[in-house]
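So the chains spell out like this:
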Amino acid sequence: MDSLKGIHRQQAGFPFPGFPQVMEKFMLDRYDAMELEGKWQKIWADTDAFRAVDGDGKPKYYLLEMFPYPSGRIHMGHVRNYSIGDVVARFKRLQGYNVLHPMGWDAFGMPAENAAIQHGIHPAKWTYENIDNMRSQLKRMGLSYDWKREFATCDPDYYRWEQLIFLRMLEKGLAYKKKSAVNWCPDCRTVLANEQVEDGCCWRCGSEVAPKELEQWFFKITEYAEELLEDTFHLPGWPEPVLIMQRNWIGRSVGCEIDFPVADSDRKIRVFTTRQDTVYGATFMSLAPEHPMARELTTEDRRRAVESFIGRVARQDRLRRTSEDQEKEGVFTGSFCINPLTGDRMPVYLANFVLMEYGTGAVMAVPTHDQRDFEFARKYDLPMRIVIQPDGAPRTTESMEEAWTGPGMMVNSGGFDGVSNEEAKEQIADFLQEKGLGSKAINFRLRDWGVSRQRYWGTPIPVVYCDSCGMVPVPEKDLPVVLPTNVELTGEGGSPLARSDDFLQTKCPRCGAPVRRESDTFDTFVESSWYFARYASPHEDARPLDPEAVAYWMPVDQYIGGIEHAVMHLLYARFFTKVLNDLGMVNVREPFANLLTQGMVCMETRQCPEHGWLFPEDIENGRCSVCGRDVKVGRIEKMSKSKKNVVDPDHLIERYGADTARLFSLFAAPPEKDLEWNEQGVEGCFRFLNRVWRAVYDNLDIVQRGKSPELEGPARDLRRQVHRTIRKVTGDIDGRFHFNTAIASIMELVNAIYSFQEKDRYPGALREALEMVVLLLAPFVPHISEELWSIMGRSGTIAEAGWPTWDEAALTEEENLIVVQVNGKVRGKISVPADAAEDLVRETAMADPNVARFMEGKTLRKAILVPGRLLNLVVSG
RNA sequence: GCGAGAGUGGCGGAAUUGGCAGACGCACUGGAUUUAGGAUCCAGCGGGCAACCGUGGGGGUUCGAGUCCCCCCUCUCGCACCA
């Protein structure tokens, strides 16, 4: 039987699907990934194997991967993301958790609209077809989702509840309208997203983009700024870099607001500063060109210069104005204000680098201690006054070549001279407050979240505008405000909804008069800010969320996705969770207990001198398949269609099967690092699965003979490695996510099985080893594992077997291998009984001939023993 | 410029607490089997003839450093006039 199997294998085991198989009748034991993967996927679907049931007595575990945008096809980034998630989901399930592992679609957004404009397909049709296609791709990967909870954010059943949440936010004052600038293409007469602006010009028609002020909707995320910041210090399960990025984004700074009286007037200019220690050095004032007092303070003789400056800055788009080393420019208004501490007159300038959105839009300029102010003062020949002197070389305004922004002693600062500037910060803040000249203040870099989009394919904002009642929210009973389907999409002439009379015209819910609907839709980040909670009760049809289900499942225990969402998505989701908590809809204030940010999938780029970037399949033996020229290999970069360094998951799965695709994306790198795709590495993983397959098949009859593992001699050694591997794999998966080392240790165990010499004598040990290999592999490569498990004659599924535990007793060793060092260099290795006393270890070590050679003629000074591992003999002389 | 992360064989990577550097895989080399090998199995595989030398470079702490401390270099990512 055994030898016959061997023959079959040689003739039929040629492991390249697609190559002709000569001897079909002997194919029984071949690893046919396609066939067995289809078989098990059907079994899982038929038995509803991954259904999550609320509150079934087991501890809950909510595992979520960031849901995809339905672009049409999955890419390797998805394969990686969902393979990682599926390992954890399956592992936790085997460990006995009640696992929620859902999937859905982030289905609103511009690509659907672009497809409509370019190909005349309706965004809904395009989106739902893409979803169908991607769903079947994901199913072919064997991912353990509860598909019964699937939804798309463009389903009216989803966005109606988003509209309701919006109404509640409106009531609480968390949603409001204000004027704000958008990118406007005057030729297309439409609003452009930041990514549609290329070099300050419209991506479609190339005309210059100008900012345009529109009334827009905002969410008051700034009201939660303090808590969003504070809670970053209470998220131990998040990667530190992500938390730091969020903190920087929120950008809390502590300082003062100070009023500067305008000379010969009763007006005041309020500034925000974090450097109140430098007030005595403030010699002029800089206002943002948009500052409300800018024109008011302009004297008649300065009017023309000021107007032309304001006009020039206004024409610069935001991207350009807030980028690079933009030349610092300004204009004098003709007015002066008074430094409240020195009483000096300070000229008031407008400056292009002062932003209206930050602080008060006015900056007290201290050229000696702020580099921007320094450059500005030099350019316009403005006065300077040093108020902080560092130790050592005292500076003068004449000799300064740049501002001194470091610490030092206060000078020229009245009563504060002689103290350190750090102390002066406190003292001057208190002083200003006492005198009523200013107050301590905290400022955030974070701005309110602008959610208006002048687009069609998004959630309609449920309000109407009535001539007599003003802005009126759509009543709850009239939700959802459904996107109309009969809308013309041309890409020109503003928002498509704004041109759809059918949609726009309705009656005022308050007075019945004809009114216009809001034509803006939400930023698609709004949908992804609460979808994770919706999965707890995806079919709830009376309210956004079923509080009981949410209380059971939330928070997400483990969230997994790309690092590119470190700030925006994750911050908005945290904000929404706090809002929903305040609205009584969810029970937590933070949505994600643990976060794993996975790296990108990268691949070598290749170029043909004639045909440019080449797909991997356009290359034959290092030459371009079209023209035969040598292919130039470029750097390794993130997979992207534009560089053609992509691998199609479908082809990969067709050729090797889902298990191999999953295994490679888990084995090639730890999840948080970038993964370099490499075809030969994939082959290696495929080879390994074949090796596992044969290890089971070639030993089937022995396995069936084995009962419980034998405990002596080689059996004991094999068993020790089996249980070590169980411990290693468990520890590597659980919390550590080091799937690559977990898989490596299983490979080692398989190698040990191959070199195990006494299979016939110890069938029980062999059987245990093979069974454990299969069980430990189950979260990574579920199809082949289920198949082998059933072949080995075990009753029940792997799910019923559960995750294995290791036997401490099996791990113990009678003998320890001790590394012997002399003066820190390895000179020998000895084997001693596990319970050997230090004296015995030392004697044994010094008896080792090589160790003795290095100790000859020397005096032993010290011996350091690390029990069970190492002995270092320190000698001298 | 600021903030974060990373530099280990030909390559991807391992070393969880300061204790045998290079696990595992790829590539490569040799052998076995074979009509054949792009399959499979076995063996080898950091450098050096050696003593020894080796974790980006230079110092330091320690019995012992890839790991801790200081300085420097390179790369990647994020933010970028934030007062």
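Predicted, not measured: the structure shown is a model, and the values here were computed from it.

Definitions and limits used
- Position numbers for residues start from 1 in each chain and track the written sequence from start to end.
- The naming scheme follows written order: chains are lettered A onward, ligands numbered 1 onward.
- Under the rules for a predicted model, residues below a pLDDT of 70 receive no local features and side-chain atom pairs below 80 are neither given nor counted, while totals for whole chains, interfaces and linings still include all residues.
- Whenever a helix is involved, its axis is fitted only over the stretch in contact; in every case the axis is a line through C-alpha atoms, and angles between N-to-C directions fall within 0 to 180 degrees.
- Comment: elements are numbered from the N terminus, with helices defined as DSSP H or I runs of at least four residues and strands as E runs of at least two.
- Here the word oblique covers every angle except those under 35 degrees (roughly parallel), over 145 (roughly antiparallel) and from 65 to 115 (roughly perpendicular).
- Whether two residues are in contact depends on their C-beta atoms, placed from the backbone: they are in contact if these lie within 7 Å.
- Residues are grouped as follows: Ala, Val, Leu, Ile, Met, Phe, Trp, Tyr, Cys and Pro are nonpolar; Asp, Glu, Lys and Arg are charged; every other residue, Gly included, is polar.
- Pairing between two strands requires that DSSP report at least two bridges joining them.
- Here the limits of each domain have been adopted from an automatic or database domain assignment.
- Here a helix's expected span is defined as the number of its residues, less one, multiplied by 1.5 Å.
- Each residue is classed by its C-beta neighbour count within 10 Å, where at least 20 other C-beta atoms makes it buried, 12 or fewer makes it exposed, and intermediate counts make it partly exposed; the C-beta atoms are placed from backbone geometry.
- Think of it as the arc spanned by the lines of direction from the helix axis to the C-beta atoms.
- The hand of a helix crossing depends on one turn: near helix anticlockwise from the far one by less than a right angle means left-handed, and clockwise means right-handed.

A. Broad picture of the packing of helix α3 (residues 76-94) against helix α18 (residues 658-667). The interhelical angle for the contact between α3 and α18, taken along N-to-C directions, is 90 degrees, at an axis separation of 9 Å. Between α3 and α18, the interaxial angle falls into the category roughly perpendicular. Contact with α3, carried on its side by Val79, Arg80, Ser83, Ile84 and Val87, involves Ala661, Arg662, Ser665 and Leu666 of α18 and no other residues of that element. A class-by-class count of the residues in the contact of α3 with α18 yields five nonpolar, two polar and two charged.

B. Examining the sheet that holds strand β35 (residues 870-876) more closely. Ordered by their spatial adjacency, four strands build an open sheet running β33-β32-β35-β34, and the pairing between neighbours is mixed. Lying at the two open borders of the sheet, with one neighbouring strand each, are β33 (825-833) and β34 (859-866). Going from strand to strand, the sheet's axes swing by 20 degrees on average, the running direction of each strand aside. The pairing of strand β32 (residues 815-822) with β33 spans eight bridges and is classified as antiparallel. Residue pairing across strands places Leu817 opposite Ser831, the latter belonging to β33. Strands β32, β33, β34 and β35 of the sheet are contacted by helix α27 (residues 838-847), whose axis makes an angle of about 125 degrees with β33.

C. Focus on the domain arrangement of chain A. Annotation of chain A at the domain level lists domain 1 (162-220 + 449-522), domain 2 (252-443), domain 3 (601-667), domain 4 (678-811) and domain 5 (815-876). The C-alpha centroid of domain 3 is placed 42 Å from the C-alpha centroid of domain 1.

D. Main features of helix α5 (residues 123-140). The first and last C-alpha atoms of α5 sit 26 Å apart over 18 residues, in line with the 26 Å expected at 1.5 Å per residue. By the burial criterion, the buried members of α5 are Pro123, Trp126, Thr127, Asn130, Met134 and Arg140. Projection of α5 onto a plane perpendicular to its axis shows the buried side chains occupying an angular sector of 145 degrees, all on one side. Relative to its buried face, α5 has exposed residues pointing more than 90 degrees away, namely Asp132 and Ser136. Against the buried residues of α5 lie α4 (110-119), α17 (649-656) and α18. After α5 finishes, the residue Gly142 shows a positive phi value of roughly 70 degrees.

E. Examining the packing of α4 against α5 more closely. Two elements in contact, α4 and α5, have axes whose closest approach is 8 Å; the angle formed by their N-to-C orientations is 120 degrees. Considering their axes alone, α4 and α5 lie oblique with respect to each other. Relative to α5, the crossing made by α4 is right-handed. Of α5, the residues touching α4 (which contributes Ala112, Glu113, Ala115 and Ala116) are Pro123, Trp126 and Thr127.

F. Here's a closer look at the sheet that holds strand β19 (residues 463-466). In space, the four strands of this open sheet follow the order β20-β19-β22-β21, with antiparallel pairing throughout. At either end of the open sheet lies a strand with only one pairing partner, and these are β20 (470-473) and β21 (505-507). On average, each strand axis in the sheet is tilted by 45 degrees relative to the strand beside it, whichever way the strands run. Here β21 pairs with strand β22 (residues 514-517) via three bridges, running antiparallel. Bridge pairing links Lys507 to Pro514 in β22.

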